[in-house]
Every structure is written in C-alpha cells, then in structure tokens.
Amino acid sequence: MTAHPTAAARRPRPRGRARGAVTSLAAAAALVASAALTGCAAERDDDVYTVLNSSTDETYHRWDAEAMARCGKRLGVTVEQQSVPASQVMTKALRMASSKSLPDVVQFDASEMPVFAEAGGLVDLRGLGLSTDHVPDGIVDFGSYRGTYYGAARSVNTLALFYNKDVLAEAGIRTPATWDDLREAARELTCGKRYGLALSAGGAEDGVFQFTPFMWSNGGDERELDSPEVVEALDFWKALLQDGSLSRSTVNWTQADVNDQFMAGNAAMMINGPWQVETLNSDPDLNWGIAEIPVPEAGADSVAPLGGAVLTVPRTGDDDRERMAGRIVACLTGEKEQLSYALNSWMVPADERAAAEWRSKVPELDALADQVATARSRTAQLGAGWPAVSLALQSAFQSALTGQSSEAALKRAQQRATSGN
C-alpha cells in the first residue's frame, strides 16, 4: 500500500509487515534505551519539528505536508516530514535512536509500535494531554501497549466483502451474510474463468490479515493457533478451495493481486480493504458494492482486524520538545484533520464525531464503518509477540492449502509461534 504512478501503488499500509528477520526486541531495547537515557545529540532548531512517516507516495506526501503546515501555523512552529518506505520506518527509527537523532514524531504501523513501546522508547500520550474521549475502545487499544496509550490514529482501515452487483443480480444471489451463504454463493458464481471469490492466502502479512476475520469471528485466538475454532476457520478456506470457488493461485496472491482479479472480472467477490476504492472507481463500468465479512452463524459479530498507522512521540529526554510533539500529534489527529485525511484516503476516521460526518459523505462505504466498530488490533493480545505468530500462520496457510490437514498445519504453527523456530 504506497506510491503513485498506479492506484495500486498509492494505497496506504493497512497491515503490519512481519518479516523473516524481525528486529530483535533486545537490540531494539538497547538502542532505544540509549537514546532515552542520554538524550539526542543532534543540534536542533527550536522551532522546527520532524515527523518520520511512510508517505513516500506523492499524493499522500502532499496531503501530509498540507496538514503539517496547517498544524505548524496553529502552533507557531515548522513541522517537516521525512518519508521512507513503510517497510523501512522501524529500521530507520532504530538507526536514528542509535545515533541519538530521533525525530519528534514517528508514524509507526500499529503492529510495529509495540516493539518501540516495549523498549521504553515512547511517551504516554495521555501524559502529554491527548484525550481519547471520542475514540472507540478498539481504536484506543490499537494505539496502546499494556494499557498505556502511545499511538494516536488519524484514521483506520479494515477488511470487508466487496462484490460485483451486476454479477450477483444476474445470478439472483443475495449478498452473503454467513459462511454457508458465502460458500453457496461462491460455488454458484464460479463459472468459466471467473471464480466466486478471491482472497489473499499468500505467505506474507496480507494472508494473515485476511485470515483473522475468519479466525476471530469463529471464536479463535492468536494465543492458541491449534484450537478447534482456528482449525475450523482454516478448514473453511480449504473447503472454498476444494469447491473450486477459489483459484489455487490464492496461496501466492497479495491483496493487490486480489483486487486485480476482481477488476478483471475473474472473481465475483473478494475480501479486501478501502485502500482499493480509488482503483475500483477508476473503472466506470464496474458496479461494485461492499458488505461486512460473513460470519459462521447468523447473528454473530463480524470481527475484522484494524489496520493503519499511529502517530507516536519518541522518548528523547527533551521534555519541552516532547510536549510540543504531543501538541502536533493532537492537532494532526483532531476531528477536522481526521475527516480531511479520511476523505482523501478512503479510510475511516478514528474519532467518533468525525466518523459520523464521514458516513454522511461516503454512504457507499457505510458497511465499512460498521465493520470498524467491531474490529480489533492484531497486537492487542500479544503486543511485540505478534510477528512470531504471523510468520507461523503464513507457513500454516501454505501447508494446509496445498495438501496438509489444517489441524497438523496449525499444530506446527503453534509450536513455531511459542518456540521461535
């Protein structure tokens, strides 16, 4: 999710990026603690503040620059952004901590923020005066670690079921609401080169992000990957594949690939997020709709993952700069700035008041706001331990969807997640 020339490259990062070589917590702690204890060595202009983010795309970079200019003017300082690719924010922040040149504000993917928080490198935002009065509990948790509020979100995203209205109408199929509905609809809509459903089960965080709604809505938990509830969720994916309703290439697809298949008419429905809306709208002939992700049984909550980034204040040892950085974060996450950013990016504002106005302006995405209302953070249970679980699940998908039983694949995943190998 990031960069212009194509809309697919323009989307913001909706999820964490678990990697084979995740920066060790011990190394992070040493670097961050060093910066916090000794302060920042670099000379700084008292009136210039820096925000490190992942807005490398020209469009997002411009939107952020305009927002920072407005907030800087309001606060009487200059706010500048330093942008690097999303996958490099954490390593860049750690290098800057090592050289005692941390920026005043860092925008972390929410799934990575706990690493810095665990190491003692972030300031409690409530202590800097930021309020969470109008922020839903799930989004407060999204920016928290062990009960402390370290990251303020401007907007959040999640997943939903996108469908081709014309294809479903022609087949006389209602938008599916349960797993049985989804399986039957996907089977009936599979015809020729068109699959009933497209989703990402690739060996990366995309696949894990897309699996969590099925795992959580079924009562599964990332702390027990081999539980019957998680096995049942993965078995549901296997059933879709065995029905022929999913392409066998799903094990290699990213969320961008899924969107490409949907837009090309090769899938009647897809699981995806609002970062695809701009691309979908680029085809005037595509009549698409959106609904909450189907649940195991009627009446159950559809629990999807929250995605997006949070603005944090690194602990630099300079109390005055930290307080001003907190005011910058408060301004950027204020109601008006949230609404502006969300309307530009097709995300959902984190503030309830801004979200209510957002619903009135983009009613076609109303179901997305409903999905956000029950969504939760991937790191709420495990914090900095999430990447190990993500990697274990990625391996499980590849094994289960290419022949191994879900039970065996997830038993191995649980072993990997707890042992680290």
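Residues numbered from 1 in each chain as written. Predicted model: local features only at pLDDT ≥ 70, side-chain atom pairs only at ≥ 80, totals over all residues. Heavy atoms only, no water.

## Focus on the state of the cysteines
Rules: Note on disulfides: each one is a pair of cysteine sulfur atoms within 2.5 Å. A helix here means a DSSP run of H or I that spans at least four residues, while a strand means a run of E at least two residues long, and both kinds are numbered starting from the N terminus. Three labels apply to residues, based on accessible area from a 1.4 Å probe with only protein chains included: buried if under 20% of the type maximum, exposed if over 50%, partly exposed otherwise in between.
This model, assessed by the stated rule, comprises one disulfide. Note on cysteine connectivity: Cys71 is disulfide-linked to Cys331, with sulfurs 2.1 Å apart. On the S-S bond that ties Cys71 to Cys331, the torsion sits near -90°, and the link is left-handed. With Cys71 in helix H3 (residues 58–75) and Cys331 in helix H13 (residues 319–332), the pair connects residues that are 260 residues apart, well separated along the chain. An identical accessibility class is assigned to Cys71 and Cys331; each is buried.

## Considerations on a negative patch on the surface
Going by this rule: Every patch collects residues that have over 30% relative accessible area and no salt bridge, joining them within 9 Å if they carry like charges and within 5 Å if they are nonpolar side chains (Val, Leu, Ile, Met, Phe, Trp, Tyr). For the accessible areas, the method is Shrake-Rupley and the probe is 1.4 Å, while residue cover comes only from the protein chains on display. Whenever Lys or Arg places a side-chain nitrogen within 4 Å of a carboxyl oxygen from Asp or Glu, that contact is recorded as a salt bridge. A residue counts as positive if it is Lys or Arg and as negative if it is Asp or Glu; His and the chain ends are not included. Just so you know, the charge point we use is NZ for Lys, CZ for Arg, CG for Asp and CD for Glu.
Where like charges cluster on the molecular surface, the negative patch consists of Asp180, Asp181, Glu184, Glu188, Glu224, Asp226, Glu229, Glu232, Asp235, Glu297 and Glu407. When residues of the negative patch are traced back to their parent elements, those giving at least two are helix H8 (179–189) and helix H10 (228–243). Broken down by element, the negative patch gets its largest block of residues, four residues, from H8. The residue Asp235 is located in helix H10 in this model.

## Quick word on the packing of aromatic side chains
The line we're drawing: Side-chain rings of Phe, Tyr and Trp, where Trp is taken by its six-membered ring, are said to pair if the distance between their centres is within 6.5 Å; with planes under 30 degrees apart they count as stacked, over 60 as edge-to-face, and otherwise as tilted. A positively charged side chain is recorded as over a ring if its NZ (Lys) or CZ (Arg) lies within 6 Å of the ring centre. The angle to the ring normal must also be within 35 degrees.
Tallied over the full model, the rule gives 12 aromatic pairs. Ring geometry for Trp179 and Phe214: centres 6.2 Å apart, planes at 40°, overall tilted. With a gap of 35 residues between them, Trp179 in helix H8 and Phe214 in helix H9 (residues 205–217) connect regions that are remote in the sequence. Of the two residues, Trp179 and Phe214, both sit in the buried class. A connected cluster of aromatic rings, assembled from ring pairs, spans Trp179, Phe211, Phe214, Phe236, Trp237 and Phe397. Its end group placed over the ring of Tyr49, Arg321 keeps NZ or CZ at 4.1 Å from the ring centre. Over the face of the ring belonging to Trp216 we find Arg376, whose NZ or CZ atom lies 3.7 Å from the ring centre.

## Focus: the sheet that holds strand S11 (residues 309–312)
The line we're drawing: Pairing between two strands requires that DSSP report at least two bridges joining them. Here the axes come from fitting lines to C-alpha atoms, over the contacting stretch only for helices, and the angles between their N-to-C directions go from 0 to 180 degrees. We call two residues in contact whenever any of their non-hydrogen atoms come within 4.5 Å of each other.
As summarised here, the arrangement of the four strands in space is S2-S1-S3-S11, forming an open sheet in which the pairing is mixed. Both outer strands of the open sheet, strand S2 (78–83) and S11, are each paired with one neighbouring strand and no more. For this sheet the average axis-to-axis angle between neighbouring strands, irrespective of direction, equals 20°. Both strand S3 (residues 105–109) and S11 contribute to a ladder of four bridges, which runs antiparallel. Its bridge partner lying in S11, Gln107 is registered against Leu311. Running at roughly 160° to S2, H3 makes contact with strand S1 (48–53) and S2 of the sheet.

## Points about the confidence of the model for the protein
To keep it simple, the criterion reads: The predictor's confidence in any single residue is recorded as pLDDT, a number from 0 to 100.
Confidence in the prediction for the protein averages 89 pLDDT; 89% of positions are at 70 or higher. Within the model, pLDDT remains below 50 along residues 1–23, and this stretch shows 79 contacts once partners closer than five positions in the same chain are excluded.

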